[in-house]
Each structure stands twice: as structure tokens, then as C-alpha cells.
Amino acid sequence: MKIGYARVSTQDQDLSLQLDALEKVDCVQIYQEKITSSVKERPQLQRMMAQLREGDTVVIWKLDRLARSLKDLVSLVNEIQERGAGLYSLNDHIDTTTPHGKFTFHLFAALAEFERDIIRERTKAGLAAARARGRKGGRPKGLSQKAQHTAIIAEQLYREEALTVKEICEQLSISKGTFYNYLHHRGVETGTLRNG
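Report on the accompanying structure. Being a predicted model, the structure only gives us computed values, none of them experimental. (Residues numbered from 1 in each chain as written. Predicted model: local features only at pLDDT ≥ 70, side-chain atom pairs only at ≥ 80, totals over all residues. Heavy atoms only, no water.)

1. So, a nonpolar patch on the surface
Among the surface-exposed residues, Phe103, Leu107, Leu111 and Phe114 lie close enough to one another that they form a single nonpolar patch of about 430 Å² accessible area. Counting through the fold element by element, Leu111 comes out in helix H5 (residues 99-132). (Patch = residues over 30% accessible without salt bridge, like charges linked within 9 Å, V, L, I, M, F, W, Y side chains within 5 Å. Areas by Shrake-Rupley, 256 points an atom, 1.4 Å probe, with all protein chains shown as cover. Salt bridge = Lys/Arg side-chain N within 4 Å of Asp/Glu carboxyl O. Helix = DSSP H or I, 4+ residues; strand = E, 2+ residues; numbered from the N terminus.)

2. Considering the sheet that holds strand E4 (residues 86-89)
As summarised here, the arrangement of the five strands in space is E2-E1-E3-E4-E5, forming an open sheet in which the pairing is mixed. The open sheet has two edge strands with one neighbour each: strand E2 (29-34) and strand E5 (94-95). With six bridges joining them, strand E1 (residues 2-8) and E2 adopt parallel strand pairing. Counted as the bridge partner of Gly4 is Ile30 from E2. (Pairing = 2+ DSSP bridges.)

3. Considerations on the side chain of Glu155
Within the secondary structure, Glu155 sits in helix H6 (residues 145-160). A polar contact is formed between the side chain of Glu155 and the side chain of Arg186, at a distance of 2.7 Å. (Polar contact = N/O pair within 3.5 Å; in protein donor to acceptor, adjacent residues only side chain to side chain.)

4. Digging into the pairing of E4
Two elements, strand E3 (residues 57-60) and E4, share four bridges in a ladder whose sense is parallel. Residue pairing for E4: Val59 is matched across the bridge by Tyr88. Connecting the antiparallel pair E4 and E5 is a turn made up of four residues, with His93 showing a positive phi of about 55°.

5. Overview of the pattern of salt bridges
Scanning all chains against the criterion turns up four salt bridges. A salt bridge links Arg83 to Glu79; the shortest N-O distance between them is 3.1 Å. Classification of Glu79 as partly exposed rests on a relative accessible area of 29%. Measuring nitrogen to oxygen at the nearest pair gives 2.9 Å for the salt bridge that ties Arg159 to Glu155. Note that Arg159 and Glu155 are positioned in helix H6 at a spacing of four residues, about one turn of the helix. Given a relative accessible area of 52%, Arg159 falls into the exposed group. It is possible to trace a salt-bridge network through shared partners that takes in Glu155, Arg159 and Arg186. (Buried < 20%, exposed > 50% of the residue type's maximum accessible area, 1.4 Å probe, protein only.)

6. Things to note about the nonpolar core
Counting residues in each nonpolar core, the largest one holds 22 residues, and the members touching the most others are Met48, Leu66, Ile80 and Leu87. Mapped onto this core, the elements with two or more residues apiece are E1, helix H2 (43-51), E3, helix H3 (63-66), helix H4 (70-82) and H5. Ranked by the residues each element gives to this core, the list is headed by H4, at five residues. Among residues more than four places away in sequence, those in contact with Leu87 are Thr57, Val58, Ile60, Leu63, Leu66, Val77, Ile80, Ile94, Asp95 and Thr96. Residues Ala154, Val165, Ile168 and Phe179 belong to the second largest nonpolar core, which totals 14 residues. (Core = buried A, V, L, I, M, F, W, Y, C linked by side-chain atoms within 4.5 Å. Contact = heavy atoms within 4.5 Å.)

7. So, the side chain of Glu33
Looking at the element boundaries, Glu33 is found in strand E2. Here Glu33 sits buried without a salt bridge, and the closest side chain of opposite charge, Arg42, lies 5.2 Å off (N-O distance). Those residues in contact with Glu33 that sit more than four places away from it in its chain are Tyr5, Ala6, Arg7, Val8, Leu15, Arg42, Pro43, Gln44 and Leu45. (Lys, Arg positive; Asp, Glu negative; His and termini not counted.)

8. As for the packing of H6 against helix H7 (residues 165-172)
The geometry of H6 relative to H7 is characterised by a closest axis approach of 10 Å and an angle of 150° between their N-to-C directions. With respect to their mutual orientation, H6 and H7 come out roughly antiparallel. The element H6 and its partner H7 pack so that their crossing is right-handed. Mapping the contact onto sequence places Thr150, Ile153, Ala154, Leu157 and Tyr158 in H6 and Val165, Ile168 and Leu172 in H7. Each residue belonging to the contact of H6 with H7 can be placed in one class, and the counts come to seven nonpolar, one polar and no charged. (Axes fitted to C-alpha atoms, helices over the stretch in contact; angles between N-to-C directions. Parallel < 35°, antiparallel > 145°, perpendicular 65-115°, else oblique. Left-handed = near helix turned anticlockwise from the far one by under 90°. Nonpolar A, V, L, I, M, F, W, Y, C, P; charged D, E, K, R; others polar.)

This is the structure:
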């Protein structure tokens, strides 16, 4: 059974072009989503994945409609294949139900892994070069202006002793670790930590 998935990244965009193409290739069911790229959860995609059966084919307009990155794409296609289903992309001419399509997709997966390895190696080389010049890697020391403001409030609330640490963290929307980092940055002694 052919199952379509269509997605646009803003509410203003129109799904009709994708829907027409998916209907033309006889998709029995089409899942539609209007989700911005900043939203990670895609309920229609999750519903489709949950209902996939062996022998089904997921049909999409383009690969970027299914995933936002090569890593996500490889992960999703692997999940589709583990369920005994295939993927067919209309505009990218990829069909994992054929040997040629599977080969092409495995090539994508290998390139994604290669890209991750290159990034890892460049990061290591950059840190080694910085250390050789006497610099240390990691985040720069100090707090942003917003964090400094939050640290001042955290210190005041801590010194007032009206709220527990947990309550202060909830009020400021920060973790306990961040809270204690802020106090340390402000030079506040926290030898006898207040729990809660």
C-alpha cells in the first residue's frame, strides 16, 4: 500500500502541489503536516510511522519534506526499512524498494557518517591547534548580560532564605547546576547547601 506524507514548514505555504502529486501516484492515505522547522514533534509523521506495515511504501514529494537533516533522514529510512516498508521520493528519484534505490540510499548514509567523522576530526584538530597556541577550548568564561542579571536575582533570593533552591530554580526557569554556577560566579559561599 502506498502511503503519502506531505509537509510544509510555515502556515502560509500550501500543500496542494504535494497532495496532487501524491494522489496521482495512487497513495491510499496521505498524512499532512504544517509544522515550522523549529518544532521537533511531528504528530502526523509519528502516526504514519506507527501504522506502517510490511510491504507498504512511504511516498514523499522530496526528501526534505521527510527530514530536516541527513542524519534524521537516514534514521527515519532505517526505521521504515526495519518495518519492512520502503521509501519513494518523487522528485529525488529514490525508491528503496529497488536494489538501485537501496544502494543510492546506503550511499547517502555513508556520506552522512563521513560528514560526521570530518566534523569530529576538524573539531579535534582545531582544539589541538588552539592548545598549542596556549588557548583552552570550550565556552568562553563569564556570563552573558542576561545570565548576569539572572545570577543577581538568584543570589538575592538565595540570601533571603524565603524560598528553597528548587523553588528558586523553578521561578527563574534554570537547573540546579546553573543556579549553583551563578552563585559561584557571584562569589557566594554555598558550603551548607539548602535542599528542596
